[in-house]
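# Residue-level structure breakdown
Single-letter residue listing:
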Amino acid sequence: MADAPFTARSPLRPSHQPGRPRPRAVGRNEIRVRTRDLHGYRFAYRMAGKGDTAVVLIHGIGDSSATWADIIPGLAARYRVVVPDLLGHGASAKPRGDYSPGAYANGLRDLLSALGIERATLVGHSLGGAVAAQFAYQFPERSERLVLVGSGGIGRQVSPLLRAASLPGAELLLSALQLPTVRWQLEMVIRVMKTLNLGLGVDAPDLMRVVDALPDASSRSAFVRTLRAVVDWRGQVGTLLDRCYLTQGMPTMLVWGGRDMVVPALHAGLGHVSMPGSRLEIFEEAGHFPFHTDPERFLGVLHDFIGRTEPARFSSEEWRQLLRTRRAGTPTHTAHPLPGRATG
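Residues numbered from 1 in each chain as written. Predicted model: local features only at pLDDT ≥ 70, side-chain atom pairs only at ≥ 80, totals over all residues. Heavy atoms only, no water.

### So, the overall build of the chain
The secondary structure content of the chain amounts to 12 helices and 10 strands. A separation of at least 24 residues holds for 76% of the contacts in the chain among residues at least 6 apart in sequence. In the form shown here, the chain has an accessible surface area of approximately 15400 Å², with 55% of it arising from carbon and sulfur atoms. (Helix = DSSP H or I, 4+ residues; strand = E, 2+ residues; numbered from the N terminus. Contact = heavy atoms within 4.5 Å. Areas by Shrake-Rupley, 256 points an atom, 1.4 Å probe, with all protein chains shown as cover.)

Listed below in structure tokens is the structure:
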């Protein structure tokens, strides 16, 4: 296995709660990039922590497992955390292949199986949210909870920048963004947007970081293939709304930035009312990356959600009943009441 150093801007650890085992500090040598060959391709991932509960963090398009740097240490103090580089991203292979959410869900299942993890709480950001939801739909018996962060796949609307990037010639445009003169002009535009407090200025630095992570033709090709699997010039190709009723058997939380200009916060409200019993958390001043804007709050919300819910456990009969009637049978999980918070 190949190892690479891991750096976190601010390693966060939850405070100890009476009556619970004291969390163990996670050493830096426990959080590193590892690789495993599956189906002839290299799958990269980070893994840390121990415990009965497994938490899988899934990044968005063009990003990598490194995007969760501020979150992994705090989670790993209590849970077993797995953070993959999706195929075509980060240190994973970038073949000419299927980059649809369904294919990603299959690859994630195989990686977790190879690691000996049968069930997990899924946390997905942007494209990773669509992958997490697809995984829960394809493999409900392996899914304990679902957390969607600025998730794709709920509504059709999406940033014009992503729609434009799905058009012919996108790879040439991404290549041009690496030129020094173009970079300088973009950086000036970003400074202006941030100075004027424009919405896109909140996310512009992270979006440029994603562009910087596409230094070669294979990376850019994988990015475009992935994007075209979920977005075209009219917006997102598919939505999860026709299957949202299935989440009534799954503890579900949506986390969104109130100033998200990539996948607007309108999608958060739409998903919340469409997913029975879901919990909604809005980070008012955050953009598309709320876990970057306020990692400590994000970590606290995630711990609270996991601590207040019992993992879903679907039987074949319960799943069959949901599909036939769109109504859940006897609940297999318990959501503890949240004081002062409307969750339904």
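### Comments concerning the packing of helix H2 (residues 101–114) against helix H3 (residues 127–138)
Between two packed helices, what matters for the description is the angle formed by their axes and the separation of those axes. At their nearest, the axes of H2 and H3 sit 8 Å apart, and the two run at 70° to each other. As far as their axial angle goes, H3 and H2 are roughly perpendicular. Contacts from Pro101, Gly102, Tyr104, Ala105, Asn106, Leu108, Arg109 and Leu112 in H2 reach Leu127, Ala130, Val131, Gln134, Phe135 and Gln138 in H3. Its residues assigned to classes, the contact of H2 with H3 comprises 9 nonpolar, 4 polar and 1 charged. (Axes fitted to C-alpha atoms, helices over the stretch in contact; angles between N-to-C directions. Parallel < 35°, antiparallel > 145°, perpendicular 65-115°, else oblique. Nonpolar A, V, L, I, M, F, W, Y, C, P; charged D, E, K, R; others polar.)

### Brief notes about a nonpolar patch on the surface
A contiguous nonpolar patch, built from Leu241, Leu270 and Val273 and spanning about 250 Å² of accessible area, is present on the exposed surface. By secondary structure assignment, the location of valine 273 is in helix H9 (residues 266–274). Exposure remark for valine 273: the relative accessible area of 67% places this residue in the exposed category. (Patch = residues over 30% accessible without salt bridge, like charges linked within 9 Å, V, L, I, M, F, W, Y side chains within 5 Å. Salt bridge = Lys/Arg side-chain N within 4 Å of Asp/Glu carboxyl O. Buried < 20%, exposed > 50% of the residue type's maximum accessible area, 1.4 Å probe, protein only.)

### Considering the nonpolar core
Nonpolar side chains tend to gather and get buried jointly when the protein is soluble and globular. The biggest cluster of nonpolar side chains holds 54 residues, and the ones touching the most others in it are Val56 and Leu122. If one sorts the elements of this core by residue count, H3 sits on top with 6 residues. In this structure, valine 56 is in contact with Val82, Pro84, Leu108, Leu112, Ala120, Thr121, Leu122 and Val123, ignoring residues within four places of it in sequence. By size, the runner-up hydrophobic cluster in this structure holds 27 residues, among which are Tyr79, Val147, Met253 and Leu299. (Core = buried A, V, L, I, M, F, W, Y, C linked by side-chain atoms within 4.5 Å.)

### Describing the pattern of salt bridges
Under the criterion given, the structure shown has 9 salt bridges. Taking the shortest distance from any N to any O, the salt bridge between arginine 279 and glutamate 281 comes out at 3.0 Å. For the pair shown, arginine 279 and glutamate 281 are each scored as buried. Each of Arg279, Glu281, Arg297, Asp304 and Arg308 takes part in a single network of salt bridges with overlapping partners.

### Quick look at the pairing of strand S4 (residues 80–84)
With respect to burial, S4 is a largely interior element, 4 of its 5 residues being buried. In the sheet, strand S3 (residues 54–58) pairs with S4 via 3 bridges, with the strands oriented parallel. Across the sheet, the residue bridging to valine 55 is valine 81, located in S4. (Pairing = 2+ DSSP bridges.)

### Description of H2
A turn of α-helix holds 3.6 residues, and therefore any two residues three or four places apart point the same way. Relative to the 20 Å expected for 14 residues at 1.5 Å per residue, H2 spans 20 Å between its end C-alpha atoms, a close match to the ideal helical length. By the burial criterion, the buried members of H2 are Pro101, Gly102, Tyr104, Ala105, Gly107, Leu108, Asp110, Leu111 and Leu112. Two residues or fewer after H2 comes glycine 116, characterised by a positive phi angle close to 80°. (Expected span 1.5 Å × (residues − 1).)

### A few points about the sheet that holds strand S9 (residues 252–257)
Reading across the sheet, the 8 strands line up as S1-S2-S4-S3-S5-S6-S9-S10 and stay open at both edges, with mixed pairing between neighbours. Whereas interior strands pair on both sides, the edge strands pair on one side only; in this sheet they are strand S1 (33–38) and strand S10 (279–283). Neighbour-to-neighbour, the strand axes of this sheet turn through a mean angle of 20°, independent of strand direction. Pairing of S1 with strand S2 (residues 41–48) involves 6 bridges; the strand directions are antiparallel. Bridge pairing in S2 links threonine 35 to alanine 44. Against the sheet, H2 engages S1, S2, S3, S4 and strand S5 (120–125), with an angle of about 105° to S1. Packing against the sheet, H9 makes contact with S9 and S10, and its axis sits at approximately 165° to S9.

### Observations concerning the confidence of the model for the chain
The predicted coordinates of low-pLDDT regions are not to be read in fine detail. Mean pLDDT over the chain: 77, with 70% of residues reaching 70 or higher. Within the model, pLDDT remains below 50 along residues 328–344, and this stretch shows 41 contacts once partners closer than five positions in the same chain are excluded. (pLDDT = per-residue confidence, 0-100.)

### Notes on the packing of aromatic side chains
One pass over the full model with this rule turns up 6 aromatic pairs. Ring pairs connect the aromatic residues Trp68, Phe289, Phe291 and Phe298, which therefore count as one cluster. In this arrangement the basic side chain of arginine 297 is found over the ring face of phenylalanine 283, its NZ or CZ atom lying 3.9 Å from the centre. (Phe/Tyr/Trp six-rings, centres within 6.5 Å; stacked < 30°, edge-to-face > 60°. Lys NZ or Arg CZ within 6 Å of the ring centre and 35° of its normal.)

### Side note on the environment of threonine 309
Locating threonine 309 in the fold gives a position in the loop between helix H11 (295–308) and helix H12 (316–325). Overall, threonine 309 belongs to the buried group, its relative accessible area being 8%. Between the alpha carbons of threonine 309 and proline 251 there is a distance of 6.7 Å; along the sequence they are 58 residues apart. Here the side chain of threonine 309 touches arginine 145 through a polar contact of 2.8 Å, side chain to side chain. (Polar contact = N/O pair within 3.5 Å; in protein donor to acceptor, adjacent residues only side chain to side chain.)

### With respect to the environment of leucine 241
Note that leucine 241 resides in the loop between strand S8 (235–236) and S9. With 87 residues separating them along the chain, leucine 241 and isoleucine 154 place their C-alpha atoms 6.1 Å apart. Residues in contact with leucine 241, not counting those within four places in the same chain, are Ile154, Leu270 and Ser274.

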